[in-house]
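# Summary of structural features
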Amino acid sequence: GTNPDTTGRATATTPSPACGQVSVNYRDSVVNISNCSVVIYRIWTASIAAKPNLISSCIQRIEKTDNTPPLFLHCQPDITASPGPDCKVKVDWYVPIAEDACGAVNTTSNYLPLQEFTPGFYTVLYVATDGCGNSAQCSFTITVTDSCCNKPPTISCPADATVCPGSSIDPSIT
């Protein structure tokens, strides 16, 4: 926040101990407000008890800006999956969650859980963006093995046949 304990306090000294105690006060003037930035001019004044109309002042500029990207709380580790006989597999994962200290986060991805994949390598990318345009990324790789295409075909032979000598052995005739 803008509490002087956080942003700092002005200090003042009396010109002479005989003048009494110094009083230091401030007032804030907000000059620029947007969703992502606030600029405050803090006007500090110092006066002494003996002559309260003798005032010294200084201005402190305080800027509250969101330039910190969201933070992913967890990013999915890489995944390896084996496809079924149709050379496809639906891959599921935990959707990464992002948080932002200054507000809401919009998260997008190029792939979704339970999407169907064929053999190959896929980089899943999640991007979290806050209302001020700060963004963070989380990515992992899905590897779908080529196991469905590395097996020999299955073959079934016809039953044994006995034919007369000189008969055709063309499979379309037997």
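The structure reproduced in this document is the subject of the present report. Predicted model only: the values in this text are computed from it and were never measured.

### Focus on the pattern of salt bridges
Between side chains of opposite charge, a pair can form as their charged atoms come close. If you walk through the whole model with that rule in mind, you get three salt bridges. Of the charged contacts, one joins Arg 42 and Asp 28 as a salt bridge, the two residues approaching to 2.7 Å between their closest N and O atoms. Of this pair, Arg 42 sits in strand E2 (residues 37-48) while Asp 28 sits in strand E1 (residues 22-33), placing them 14 residues apart in sequence. Owing to a relative accessible area of 0%, Arg 42 belongs among the buried residues under this scheme. Among the salt bridges present, the one from Arg 61 reaches Glu 63, with a minimum N-O distance of 3.0 Å. For Arg 61, a relative accessible area of 48% puts it in the partly exposed group. On the basis of relative accessible area, Glu 63 is assigned to the partly exposed category, the value being 44%.

### Focus: the environment of Pro 70
Residue placement: Pro 70 occurs in the loop between strand E3 (55-65) and strand E4 (71-72). On the basis of relative accessibility, which here comes to 4%, the residue Pro 70 falls in the buried class. Placed 10 residues apart in sequence, Pro 70 and Thr 80 show a C-alpha to C-alpha distance of 28 Å. Discounting residues that sit within four places of it in the chain, Pro 70 has contacts with Ala 98, Glu 99, Asp 100, Val 105, Ala 128, Thr 129, Asp 130, Asn 134, Ser 135 and Ala 136.

The rules behind each value
Residues numbered from 1 in each chain as written. Predicted model: local features only at pLDDT ≥ 70, side-chain atom pairs only at ≥ 80, totals over all residues. Heavy atoms only, no water. Salt bridge = Lys/Arg side-chain N within 4 Å of Asp/Glu carboxyl O. Helix = DSSP H or I, 4+ residues; strand = E, 2+ residues; numbered from the N terminus. Buried < 20%, exposed > 50% of the residue type's maximum accessible area, 1.4 Å probe, protein only. Contact = heavy atoms within 4.5 Å.

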